[in-house]
Amino acid sequence: MQKFMVSLVLGWFAQLASAATYPLPPEGESLIGEIRYVEVQEGETLLDIGRRNGLGYLEMHRANPGIDMWVPEPGTIVTLPTMHILPDVPRQGLVLNVAEMRLYYFPKPSNGDEAVVETYPVSVGQMDWSTPLGETQVTLKLENPAWYPPASVRQVAAERGEELPRVVPPGPNNPIGAYAMRLDIPGYFIHGTNEPWRVGMRVTHGCIRMYPEDIEQLFYRVPVGTSVRIVNEPFKAAWREGTLYLQAHRPLEEDRQAIARDARHAYMPALDVVANALTGNGDHRVDYYRIRYVLEQKLGIPMPISRAGMGEGAQLAQQ
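Thresholds, definitions, all that
- Residues numbered from 1 in each chain as written.
- Predicted model: local features only at pLDDT ≥ 70, side-chain atom pairs only at ≥ 80, totals over all residues.
- Heavy atoms only, no water.
- UniProt positions renumbered as here; feature names shortened; annotations may be inferred.
- Helix = DSSP H or I, 4+ residues; strand = E, 2+ residues; numbered from the N terminus.
- Buried < 20%, exposed > 50% of the residue type's maximum accessible area, 1.4 Å probe, protein only.
- Contact = heavy atoms within 4.5 Å.
- Pairing = 2+ DSSP bridges.
- 1 Å grid on protein atoms, 1.4 Å probe; cavity = no way out; pocket = protein on both sides within 12 Å on 5 of 7 lines; lining within 4 Å.
- Points joined across faces, edges and corners; volume = space filled by probe spheres on them.
- Nonpolar A, V, L, I, M, F, W, Y, C, P; charged D, E, K, R; others polar.
- Domains from an automatic or database assignment.
- Core = buried A, V, L, I, M, F, W, Y, C linked by side-chain atoms within 4.5 Å.
- Arc of directions from axis to C-beta.

- An unreviewed UniProt entry lists the protein chain under the name L,D-TPase catalytic domain-containing protein, from Alkalilimnicola ehrlichii.
- UniProt, in the comment section headed Sequence similarities (unreviewed entry), describes the protein chain in these words: "Belongs to the YkuD family."
- The UniProt entry for the protein chain carries the following text under Pathway (unreviewed entry): "Cell wall biogenesis; peptidoglycan biosynthesis."

Written out as structure tokens, the structure reads:
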């Protein structure tokens, strides 16, 4: 326990990386970043490493099965899942994919600057407090906000034997951190946190929670009125240099219940995504064993599933 606490404290003061920023791919391509690998240093947790590299808890956990999240062996090589497929929506404003717990920001280029996309890990709503899907916008920005726990949240806390105040003033005990951006959905915000080690989990009451340094970067650059699209895309496909990649995240728990009722539903959404990506690319053929591996492992890492010149690629759409 002492080693855990020391490592946790070190994580707070570790050098924090800036936002992961990538050139915006041309139309028809959606893959950004590259998979990277680092060596665990003495006293580090996987959360320390993830935070420095713009990754959240579940991303690091799923990309590194079998490695202790809190006390990894020094010298261990860990995978950084810093390759992503952009959600299949217009590339503008803020886009949140709840299935991968990742936020994308498409700032408007100015003065002839190159178009880029920034991406950040986030926490989203737990099953009984799901983050709502749909289109909204930023309506208000608050610096050093107070938190007013909703009556429903206070009631749940009371059932656990805890008493929440009606208002939590700004400061280190405020769970929404130093910055908050209100959405045009009553009661929902994009905000910081005083528990950064929980970023990348389903732990909120529906709000979108970010690392303190990430929300601070966005806060001053995202104008009021910025569009926000919230989607649920556990499966995404994209082309890079003539190869089709498939990325699979574990579906949300409520979606997994539907899958359990109908086993065919487990693969069909992913196959539909692949079939759509193959449209117009009939000279490619997919490897069904690779697809099955990606869907069974659900590591959250884009993996190649095709190669050119083999033909019959469009057959997937007919099966």
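After that view of the structure, there is still more to cover.
**Quick word on the overall build of the protein chain**
Part 1 of the argument: Within the protein chain, the secondary structure is distributed over eight helices and 19 strands.
Part 2 of the argument: Burial statistics for the protein chain: of 319 residues in total, 46% are counted as buried.
Part 3 of the argument: Contacts in the protein chain between residues at least 24 apart in sequence constitute 69% of all its contacts with a sequence separation of at least 6.

**Re the pairing of strand E8 (residues 116-125)**
Part 1 of the argument: A large share of E8 lies buried, amounting to nine of its ten residues.
Part 2 of the argument: With four bridges joining them, strand E1 (residues 20-23) and E8 adopt antiparallel strand pairing. What sits directly across from proline 23, in E8, is valine 116.
Part 3 of the argument: Two elements, strand E7 (residues 102-106) and E8, share four bridges in a ladder whose sense is antiparallel. Its bridge partner lying in E8, arginine 102 is registered against proline 121.
Part 4 of the argument: By the bridge criterion, two bridges tie E8 to strand E13 (residues 208-210) in an arrangement that is antiparallel. Residue pairing for E13: valine 122 is matched across the bridge by methionine 210.
Part 5 of the argument: Where E8 and strand E12 (residues 202-204) come together, two bridges link them in parallel fashion. If you follow valine 124 over to E12, its bridge partner there is arginine 202.

**Observations concerning empty space enclosed by the protein**
Part 1 of the argument: Tallied over the full model, the rule gives five cavities of 30 Å³ or more.
Part 2 of the argument: Approximately 110 Å³ is the volume attributed to the second largest cavity.
Part 3 of the argument: If you tally residues by element for the lining of the second largest cavity, the top one is helix H3 (residues 57-63), at three residues.
Part 4 of the argument: Taken together, the residues that form the lining of the second largest cavity break down as five nonpolar, five polar and three charged.
Part 5 of the argument: Here the lining of the second largest cavity spans two domains, and each of domain 1 (89-231) and domain 2 (235-304) adds at least three residues to it.

**Things to note about the nonpolar core**
Part 1 of the argument: Leu94, Leu96, Val122, Ile190, Met210 and Leu218 are the most contacted members of the largest nonpolar core, which totals 37 residues.
Part 2 of the argument: In contact with methionine 210, other than residues within four places in its own chain, are Leu103, Tyr120, Pro121, Val122, Ile190, His191, Gly192, Thr193, Val199, Ile215 and Leu218.
Part 3 of the argument: Listed in part, the 19 residues of the second largest apolar core include Ala237, Leu244, Ile301 and Met303.

**A short note on the environment of phenylalanine 219**
Part 1 of the argument: One can find phenylalanine 219 in helix H5 (residues 212-219).
Part 2 of the argument: Residue phenylalanine 219 is classed as buried on the basis of its relative accessible area of 5%.
Part 3 of the argument: Expressed as a C-alpha distance, the spacing of phenylalanine 219 and glutamate 143, which sit 76 residues apart in the sequence, is 8.7 Å.
Part 4 of the argument: With residues near it in sequence (within four places) discarded, phenylalanine 219 still touches Lys141, Leu142, Glu143, Tyr179, Ala180 and Met181.

**Quick look at helix H4 (residues 151-159)**
Part 1 of the argument: Listing the buried residues of H4 in full gives Val153, Arg154 and Ala157. With its buried residues spanning 100 degrees around the axis, H4 presents them on a single face. Pointing more than 90 degrees away from the buried face of H4 are the exposed residues Ala151, Gln155 and Glu159.
Part 2 of the argument: Taken from the residues just after H4, glycine 161 is the one with a positive phi, measuring 85 degrees.

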